[in-house]
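Given next are the chains, with one letter for each unit.
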Amino acid sequence: MSPSGEESSGRGDDSAESGASDDSHVDPSEAFAALSDPLRVDILRALAAFHRESAAESVGFAELRKRVDVRDSGRFRYHLNELRDHFVRKDGGGYRLTHAGIKIVAAILAGTYTDRGSIGPEPLDSDCSHCDARAVAVYEDGYCAVSCENDHTLFAWSVPPAAATDASLPEIVSHAELFARQAIERTLAGICPKCSAPVDPAVVEDETAPTPRLRTRCDTCGATMAGPVGFCLLVDPAVESFYRRHDRPLDDLYVWEPAFVADDSTVSVAATDPLRVEISVTLDAETLTVSVDEAGRVSVDESDHASADESSRGDE
Ligand SMILES: [Zn+2]
Ligand SMILES: [Zn+2]
C-alpha cells in the first residue's frame, strides 16, 4: 500500500553490507575469522593509512610494525601472516592491501559494525502522501526512515554511520536520498549497488501493492532493492528536464514527493505479458507519458513531449 522505497541487505545480515565477500572468492566465515584479533584490524588500518599517505605500492615489515606499534616481532608476524590469504598481499619487499582488504577497511571505517547511534525523530518540511500528516524522519541502526504519525512508511534507506557523523537529521535524509538515487541508477544499469555483481532489474506486479514495483535481488550478495515503479523515473533525464522546464527541479523534492512516486493514480498497467507500465507525469496541465518496461527501462513519448511545449493540456 505504501509507495515507500526500501532497500535491505536483510537487516542484520552484515556480511552483505560489508562487501567482504565480494569479488575475491573469499569464504566469508574464514575471512571474518581472520579478523578475530583486534591486532589484525589494527594492521589493516595501518596499511590503509599507509596507502593514503604514501605513493609507494607496499610497506616493509619493519615500517609496518612500527606503524602498528607492536614490540613483539614474532607476534606481529604471526598476525600479519593470518591476514595474508585474504586481505594482505606480499609484493616484492613489502605488504599491501588486496582489493578485499581495501573493502573491509572501508567497511570498518564506515562504522558498519561499530557505531549504533540514533537520531530523531524529527519532523520534515514534507507531508505524508497518504494522510497529509507531517513526515517525520529518524536515523537508527544505520537506517534512515521517513514516515508519518499514522505509520505510513514513505522512505527507508541505509546510511553508513560514517556518512551520519556530525550530520543533522535533514542532512542524513539528504544523504539517504543520494544513496537511493545512486542505487536506482546502478540497479537499472544491471549493477548491484552493494557488491557490484550483475543483477537483473525487474518491474513486477505485487499483490500487496496497488501498482507494480521495482524489485531487484542480487544473487551474489543477497541485497534486495524495492520501491515504487516511479523510482525508475527519478533518474531519467527526460523526466528530470520536464520538471526543470516547469521550474520544479526534482532535486528540490524529496524522493517520495513527486506524483509519479506518491500518487498511485498516475500509474497504470498498459500490458501484462511482458509487463509494461504507463505513468502520467503532469505539471501545469502539461502531461508527459512515460512508459516503463519489465526491466525498468524508461521511454518517453517524445512527440507528446515536443508538441506539449506551448500550452497544450497534453494528451493521455
Ligand atoms: Zn500518513
Ligand atoms: Zn550484490
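Residues numbered from 1 in each chain as written. Chains lettered and ligands numbered in written order. Predicted model: local features only at pLDDT ≥ 70, side-chain atom pairs only at ≥ 80, totals over all residues. Heavy atoms only, no water.

The next thing to look at is helix α6 (residues 99–109). Every buried residue belonging to α6 is among A100, G101, I104, V105, A107 and I108, and all of these are buried. Down the axis of α6, the sector holding all buried residues measures 160°, keeping them to one side. (Buried < 20%, exposed > 50% of the residue type's maximum accessible area, 1.4 Å probe, protein only. Helix = DSSP H or I, 4+ residues; strand = E, 2+ residues; numbered from the N terminus. Arc of directions from axis to C-beta.)

All right, on to the sheet that holds strand β5 (residues 134–140) then. Sheet strands line up and pair through hydrogen bonds in the backbone, either parallel or antiparallel. One open sheet accounts for 4 strands, arranged β4-β5-β6-β7; its pairing is antiparallel. Edge positions in the sheet fall to β4 (118–127) and β7 (153–158), since each of these pairs with one other strand and no more. The sheet shows a mean angle of 15° between the axes of neighbouring strands, taken without regard to direction. This element, helix α8 (residues 169–188), spans β4, β5, β6 (143–148) and β7 of the sheet and lies at about 80° to β7. (Pairing = 2+ DSSP bridges. Axes fitted to C-alpha atoms, helices over the stretch in contact; angles between N-to-C directions. Contact = heavy atoms within 4.5 Å.)

The subject of this paragraph is the coordination of the zinc ion (ligand 2). Protein-derived ligands of the zinc ion (ligand 2) are C192 (SG), C195 (SG), C218 (SG) and C221 (SG), with the metal-ligand distances lying across 2.3 Å. Classification of the site at the zinc ion (ligand 2) as tetrahedral follows from its 4 donor atoms and the range of 108 to 113° in their angles at the metal. Taken in sequence order, the residues that donate to the zinc ion (ligand 2) follow the motif C-x2-C-x22-C-x2-C. Of this pair, C195 sits in the loop between α8 and β8 (203–204) while C221 sits in the loop between β9 (213–217) and β10 (224–228), placing them 26 residues apart in sequence. The pair C195 / C221 is uniform in exposure class, with both members buried. (Donors = N, O, S within 2.8 Å, 3.2 Å for Na, K, Ca; no water. Tetrahedral: all angles 85-135°; square planar, octahedral: opposite > 155°, others 65-115°.)

The protein atoms that coordinate the zinc ion (ligand 1) are C128 (SG), C131 (SG), C148 (SG) and H152 (ND1), at distances of 2.1 to 2.3 Å. Coordination at the zinc ion (ligand 1) is tetrahedral: its 4 donor atoms span angles of 103 to 115° at the metal.

As a further point, take the confidence of the model for the chain. Looking at the chain as a whole, the pLDDT averages 85, with 84% of positions reaching at least 70. pLDDT under 50 marks residues 305–316. Its contacts with residues more than four places away, or in other chains, come to 23 contacts. (pLDDT = per-residue confidence, 0-100.)

As a further point, take the side chain of D293. The topology assignment puts D293 in strand β13 (residues 286–293). What makes D293 buried here is its relative accessible area of 18%. A distance of 2.8 Å separates a polar atom in the side chain of D293 from the backbone nitrogen of A295. For D293, the residues in contact, after removing those within four places along its chain, are V203 and L275. (Polar contact = N/O pair within 3.5 Å; in protein donor to acceptor, adjacent residues only side chain to side chain.)

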